[in-house]
Amino acid sequence: MKRLTLPGGPLASRSRTAPAPRQRLGKKAAAAAVGFVLVLGTGGAAGAESPTAGNELSKKIDKILSDERLAGAGTSVVVSDAADGDVLYERHSGKRMMPASNTKLLTAAAALGVLGPGYRYRTDVLAHGDRSGGRLDGDLYLRGTGDPTLLAEDYDALAADVAASGIKEVTGRLVADDTRFDSQRLGRSWAADDESAYYSSQISALSVAPDTDYDTGSVRLEVAPGSAPGKKPKVKMVPGNDYVDVEVTAETVAEDGDSTLSVDREHGGNTLTVSGGIPAGADPEESWTSVWEPTGYAASVFAGALKDHGVRVAGKTETGKATPDGARRVARHKSMPVSELNVPFLKLSNNNHAEVLTKTMGYEAGGEGTWEEGLKAVQGFLKKEGVDTGTLRQVDGSGLSRMNNVPAAEFGALLRAVRDKPWFGKFHDALPVACAPGRMKGGTLRTRMCGTPAELNAHAKTGSLTGASGLSGYVDDAGGRRLVFSIVLNNYLAESVKDIEDEIVVALAESGDGASGKAADGKRDGTSQKPKSAATQPSGRDAADPDGSGGLECSWRKPVRC
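Keep in mind that this is a model prediction, so the values were computed, not measured.

Draft legend 1. How the structure looks around the overall build of the chain. In terms of helices and strands, the chain carries 10 helices and 23 strands. For the chain, the proportion of its 562 residues judged to be buried stands at 60%. Relative to all contacts within the chain whose residues are 6 or more apart in sequence, the contacts with residues 24 or more apart total 73%.

What follows is the structure, encoded as structure tokens:
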């Protein structure tokens with residue numbers, strides 16, 4: 001069952017073979033996000049003395065980490081001078097931890113290094129057979145190379161180009177060629193109850209995104225109340241296609257009634273069932289659901305576009321077959337370059353993008369579009385950059401797997417090493433920015449550390465899973481010195497520890513020459529500032545996930561506003 005959203009967050013989802021409370025649709029809203037670098041591990045008790053204890057910064061961080069929510073939890077923190085690598089603070093930084101979405105730092109940097117910032121994906125349409133006027137006596141091939149940003153409008157443009165080439169009739173088949181990647185769709189040890197969640201969408205070399213967040217391999221449903229109580233709601237699927245079916249058993253309820261809408265997708269199929277109720281006169285509600293076998297989804301969207309442009313295909317649609325030698329290209333779409341793709345990838349912590357990039361590196365560096373070859377390419381890059389790959393284990397590109405183990409110190413090593421790369425500016429800018437407005441600027445940090453010296457200063461990757469949280473990136477101190485930090489917190493029972501991370505980063509921004517408490521307006525008051533953020537909560541709050549978020553990054557809980 002799809003992981004859907006309530007205004008307060010999603011409920012856990014299961015397939016129908018293991019029923020669970022249904023998740024509800026959330027109100028239509030922007031889905032900006034909050035997330036963490038999480039690290040699970042044995043760490044050390046909060047309050048354990050730092051090896052760098054003694055200076056004011058260390059004392060301040062130690063005090064922050066003494067928060068009672070970290071009692072019995074694991075902590076791993078490292079702060080260093082970005083220029084010379086001098087360690088300014090550390091606590092258990094060498095412990096191997098589960099990094100969650102901080103894994104994306106490894107993948108994004110490796111993609112820029114292995115593929116290059118200018119690398120683009122190509123999606124081609126090729127004709128195989130004899131041409132006679134407007135007729136192709138043969139097959140039409142749609143060949144993908146992994147572009148995770150393809151929209152329905154891009155497939156429409158490809159179809160228009162096919163029509164413009166003179167082809168009006170295809171006597172054979174439409175074949176979707178996704179053979180650039182292997183057929184393994186889901187990552188190692190990904191949670192089974194996340195299977196239909198859009199943030200756990202299947203990986204294919206040929207897919208479709210329903211929006212410009214590029215949530216590849218998923219569809220979006222818009223559900224509006226019917227004309228009167230008792231009537232069926234109106235449901236729109238984006239993009240429209242013949243591959244995914246929608247069954248509506250829901251009904252419109254009284255205006256003062258509760259919304260109980262939910263969406264189910266059975267394992268192994270593409271029928272979405274909308275059930276429950278929506279109040280009359282209510283605003284439309286939305287849901288995102290991953291698609292089973294996205295190659296067929298892409299082929300369906302393209303087939304519909306061909307029909308719209310007057311191109312008739314007589315044969316059936318087939319998937320998973322390679323384009324034969326000698327096929328002639330009649331249309332091509334090129335993606336944005338990897339340097340630009342890193343923006344939605346990192347800002348919104350997009351898991352599908354991470355895995356596509358990983359398999360792409362596998363194909364380009366090792367000749368096979370597999371996780372095995374892709375991870376070899378990532379590890380090769382990291383080793384060249386001085387990261388001790390003997391201390392870590394990476395099994396996917398996104399960090400969705402709980403089998404990943406990476407020491408916080410190695411994130412710090414990578415963040416320092418890439419600063420001399422010609423593409424570093426693009427990498428740095430693609431990271432979420434504290435309190436920066438806009439999803440593609442602030443990303444998962446857009447509501448955090450507002451009104452502090454870290455505002456518009458800290459650039460960092462977030463990441464989060466149940467009981468684990470963290471934040472790793474860059475911040476300039478009060479004297480203009482660039483600092484690298486990695487904060488990893490895990491095995492806590494509290495609902496959230498985001499504000500603990502934020503306080504540490506703010507303390508770093510306040511430190512250094514002239515550090516007397518510079519506020520966002522440039523004034524200094526000599527006191528450390530508490531970050532103003534939607535992420536803050538009372539110290540000591542220990543409710544175990546009361547909003548049903550399951551520890552997920554906020555950007556994965558559409559359409560919750562972070």
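Having seen it, we continue.
Draft legend 2. Geometry of the pattern of salt bridges. Following the criterion strictly, the structure yields 28 salt bridges and no others. Between Arg91 and Asp62 there is a salt bridge, with its nearest N and O atoms 2.7 Å apart. Residue Arg91 is found in strand β3 (residues 87-91), and its partner Asp62 is found in helix α1 (residues 56-64); the two are separated by 29 residues along the sequence. By the burial criterion, Arg91 is buried, and Asp62 matches it. Residues joined by salt bridges that share partners form a network here, namely Asp139, Arg173, Lys316, Glu318 and Lys321.

Draft legend 3. Up close: helix α5 (residues 338-347). Among the 10 residues in α5, 8 count as buried, and that is most of the element. Those residues of α5 that fall on the buried side of the exposure criterion are Val338, Ser339, Leu341, Asn342, Pro344, Phe345, Leu346 and Lys347. On the buried face of α5, the contacting elements are α2 (103-114), α6 (351-366), α9 (424-430) and β21 (459-465). One or two positions beyond α5, positive phi appears at Ser349, with a value near 55°.

Draft legend 4. Spotlight on the sheet that holds β3. Spatially, 5 strands are ordered β3-β2-β23-β22-β21 in an open sheet, and the strand pairing comes out antiparallel. Across the chains shown, the open sheet's two edge strands, defined by having one partner strand only, are β3 and β21. Averaged over all neighbouring strand pairs, the angle between strand axes comes to 5°, with direction disregarded. In the packing of α1 onto the sheet, contacts are made with β2 (74-81) and β3, and the angle to β3 comes to roughly 25°.

Draft legend 5. Geometry of the confidence of the model for the chain. Summing up the model confidence of the chain, the mean pLDDT is 86 and the portion of residues at 70 or higher is 82%. Within the model, the stretch residues 515-527 combines pLDDT values under 50 with 27 contacts to residues more than four positions away or in other chains. Segment residues 534-548: pLDDT under 50, and 40 contacts once partners within four positions in sequence are set aside and those in other chains are kept.

Draft legend 6. Quick peek at the nonpolar core. Leu357, Phe381, Leu414, Val418, Phe427 and Tyr474 are the most contacted members of the largest nonpolar core, which has 51 residues in total. Among the elements that take part in this core, α2 stands out by supplying 7 residues, more than any other. If near-sequence neighbours (up to four positions away) are discounted, Leu414 is found in contact with Leu105, Leu106, Ala109, Phe381, Leu382 and Val387. Core analysis: the next-biggest nonpolar cluster, separate from the first, contains 41 residues, Leu140, Ala163, Ala176 and Ile278 among them.

Draft legend 7. The sheet that holds strand β11 (residues 245-248), seen in detail. Taken in spatial order, the 3 strands make up an open sheet running β11-β14-β13, and their pairing is mixed. Lying at the two open borders of the sheet, with one neighbouring strand each, are β11 and β13 (262-265). Pairs of neighbouring strands in the sheet enclose a mean axial angle of 25°, with direction left out of account. As paired strands, β11 and strand β14 (residues 271-275) are joined by 4 bridges and run parallel to one another. Bridge pairing in β14 places Val248 opposite Val274.

Draft legend 8. Layout of the state of the cysteines. Following the criterion strictly, the structure yields 1 disulfide and no others. Across the disulfide from Cys435 sits Cys450; the S-S distance is 2.0 Å. Its S-S torsion of about 105° marks the bond between Cys435 and Cys450 as right-handed, since a negative value means left-handed. Here the residue Cys435 occupies a position in the loop between α9 and β21, and Cys450 occupies one in the loop between α9 and β21, the gap between them amounting to 15 residues.

Draft legend 9. Structural view of the packing of helix α3 (residues 152-164) against helix α4 (residues 294-308). In the contact formed by α3 and α4, the axes pass within 8 Å of each other and the chain directions differ by 45°. Classified by the angle their axes make, α3 and α4 are oblique. α3 and α4 meet at a crossing whose hand is right-handed. Residues Ala152, Tyr155, Asp156, Leu158, Ala159 and Val162 of α3 lie in contact with α4, whose contacting residues are Ala298, Val301, Phe302, Ala305 and Leu306. Residue composition of the contact of α3 with α4, grouped by class: 10 nonpolar, no polar and 1 charged.

Draft legend 10. Broad picture of the packing of aromatic side chains. In this structure the tally under the stated criterion is 9 aromatic pairs. Aromatic side chains Phe424 and Phe427 sit 6.5 Å apart centroid to centroid with 40° between the ring planes, which places their arrangement in the tilted category. With Phe424 and Phe427 both in helix α9 and 3 residues apart, this pair spans about one turn of that helix. A relative accessible area of 11% means that Phe424 is categorised as buried. Pairwise contacts between aromatic rings join Phe381, Trp423, Phe424, Phe427 and Tyr474 into one cluster.

Draft legend 11. Highlighting the pairing of strand β9 (residues 218-224). Extensive coverage of β9 is indicated by the burial of 6 of its 7 residues. Of the strand pairs in this sheet, β9 and strand β16 (residues 285-290) are connected by 6 bridges, and their pairing is antiparallel. Looking at the pairing, Glu222 lines up with Glu286 of β16. Pairing of β9 with strand β10 (residues 234-238), which is carried by 5 bridges, proceeds in the antiparallel orientation. Considered in β10, the bridge of Ala224 is made with Lys234.

About the thresholds
Residues numbered from 1 in each chain as written. Predicted model: local features only at pLDDT ≥ 70, side-chain atom pairs only at ≥ 80, totals over all residues. Heavy atoms only, no water. Helix = DSSP H or I, 4+ residues; strand = E, 2+ residues; numbered from the N terminus. Buried < 20%, exposed > 50% of the residue type's maximum accessible area, 1.4 Å probe, protein only. Contact = heavy atoms within 4.5 Å. Salt bridge = Lys/Arg side-chain N within 4 Å of Asp/Glu carboxyl O. Pairing = 2+ DSSP bridges. Axes fitted to C-alpha atoms, helices over the stretch in contact; angles between N-to-C directions. pLDDT = per-residue confidence, 0-100. Core = buried A, V, L, I, M, F, W, Y, C linked by side-chain atoms within 4.5 Å. Disulfide = S-S within 2.5 Å. Parallel < 35°, antiparallel > 145°, perpendicular 65-115°, else oblique. Left-handed = near helix turned anticlockwise from the far one by under 90°. Nonpolar A, V, L, I, M, F, W, Y, C, P; charged D, E, K, R; others polar. Phe/Tyr/Trp six-rings, centres within 6.5 Å; stacked < 30°, edge-to-face > 60°.

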